[in-house]
Structures are given as structure tokens and as C-alpha cells.
Amino acid sequence: MATETPPPATPKTGLPATEEFAEVQRSADFTELRRAHRSFAFPLTVAFIAWYLLYVLLSNYAENFMGTRVLGNLNVALVLGLAQFLTTFLIAWWYARHAAAVLDPKARAIKSRMEGAESLMEGAKPLTEAAE
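So, here's what we can say about the structure. Computed from a predicted structure; not experimentally measured.

1. What to know about the overall build of the chain
Thought 1: The helix and strand inventory of the chain stands at 5 helices and 2 strands.
Thought 2: The order of α-helices and β-strands along the chain, N terminus first, is α-α-α-β-β-α-α.
Thought 3: Sorting the 132 residues of the chain into buried and exposed places 17% on the buried side.
Thought 4: Working note: accessible area of the chain is about 10600 Å², and carbon and sulfur atoms make up 66% of it.

2. Examining helix α2 (residues 28-61)
Thought 1: Along its 34 residues, α2 runs 48 Å from first to last C-alpha, staying within 8% of the 50 Å computed at 1.5 Å per residue.
Thought 2: All of the buried residues along α2 are L33, A36, F40, A41, L44 and Y55.

3. Brief notes about the packing of aromatic side chains
Thought 1: Tallied over the entire structure, the rule returns 2 aromatic pairs.
Thought 2: Note on F40 and W94: the rings are 5.1 Å apart at their centroids and 80° apart in plane angle, and the pair reads as edge-to-face. Taken together, the residues F40 in helix α2 and W94 in helix α4 (residues 76-123) connect sequence positions 54 residues apart.
Thought 3: Judged by relative accessible area, which is 45%, W94 ranks as partly exposed.
Thought 4: On the basis of an interplanar angle of 45° and a centroid distance of 5.8 Å, the ring pair of F40 and Y95 is categorised as tilted. One end of the pair, F40, is in helix α2; the other, Y95, is in helix α4, and 55 residues separate them in sequence.
Thought 5: Exposure remark for F40: the relative accessible area of 11% places this residue in the buried category.

4. Side note on the nonpolar core
Considering soluble globular proteins, one finds that nonpolar side chains tend to be buried as a cluster.
Thought 1: Counting residues in hydrophobic clusters, the biggest one holds 7 residues: V24, L33, A36, A99, L103, I110 and M114.
Thought 2: Of all the secondary-structure elements, those providing two or more residues to this core are α2 and α4.
Thought 3: With 4 residues, α4 is the single largest residue contributor to this core.
Thought 4: Residues contacting L33, with those up to four places away along its chain left out, are L103, K106, A107 and I110.
Thought 5: With 5 residues, the next largest nonpolar core counts Y55, M66, V76 and A77 among its residues.

Definitions and cut-offs
Residues numbered from 1 in each chain as written. Predicted model: local features only at pLDDT ≥ 70, side-chain atom pairs only at ≥ 80, totals over all residues. Heavy atoms only, no water. Helix = DSSP H or I, 4+ residues; strand = E, 2+ residues; numbered from the N terminus. Buried < 20%, exposed > 50% of the residue type's maximum accessible area, 1.4 Å probe, protein only. Areas by Shrake-Rupley, 256 points an atom, 1.4 Å probe, with all protein chains shown as cover. Expected span 1.5 Å × (residues − 1). Phe/Tyr/Trp six-rings, centres within 6.5 Å; stacked < 30°, edge-to-face > 60°. Core = buried A, V, L, I, M, F, W, Y, C linked by side-chain atoms within 4.5 Å. Contact = heavy atoms within 4.5 Å.

What follows is the structure, given as C-alpha cells:
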């Protein structure tokens with residue numbers, strides 16, 4: 001026996017509308033958040049890529065320099081290669097501190113403002129009910 005049952009109702013997602021996201025993206029707060037992120041991330045990215053390319057170029061074209069022994073069997077190439085790993089971890093640690101101190105509070109403010117606007121919209125009566 002086959003029964004015709006309607007598909008389950010899709011629950012309301014509670015996400016703001018596309019227009020609300022676009023409005024927030026144009027806001028001064030979001031612009032400041034993006035500027036704070038870019039002013040930190042872009043220079044560090046460029047500096048790290050330059051540092052990495054310097055290491056690669058020295059490895060290819062300055063073999064005598066890179067082969068210079070520093071301590072025992074440690075040479076300049078090994079020290080600079082290990083410094084690449086150290087630099088990577090330092091940048092990650094520095095970014096985490098920057099994000100926690102600067103980016104996260106700004107992002108939380110934007111998020112709470114959007115969620116506050118959403119809760120106001122949910123509490124508002126539809127126009128048809130308000131007219132009655």
C-alpha cells in the first residue's frame with residue numbers, strides 16, 4: 001500500500017539574507033577587519049617567500065657558501081634549512097596572537113551585529129499580521 005506523503009518541511013536555516021551579507025561586506029567595520037588582516041598577512045607572506053627563494057637561490061648558485069661548515073658537520077645550508085622551519089612556526093604563532101588580539105574581536109562584533117539584526121527580524125510580525 002503506497003501512501004502519498006508530502007516531503008518533510010525544510011527547517012528555516014536562520015542565516016541572514018544575501019543582501020544582509022552584502023551590506024555587512026560594504027560596512028566600515030568589515031573594511032577595517034579586512035584591512036587589519038591584509039596589513040598583517042600580505043607583508044609576512046611576501047617576506048617569507050623572499051626568504052625561501054633566497055634559500056633556494058643560495059642552494060643553487062652559492063654552493064661554496066652553503067657548504068661552509070659552521071659547527072662540526074653542520075653547514076650553512078643545514079642551518080638555513082632548519083631556520084626555514086623555525087620561521088614557519090614563528091609566523092604561525094605570531095599570526096595566532098595577532099588574530100586573537102586584533103581580528104577576532106572585530107569579527108565577533110560583526111557577527112553579533114548580524115545575529116542581533118537576525119533576531120530582530122525573527123521577532124518582527126509579518127506585514128499581514130501587523131495590519132490586523
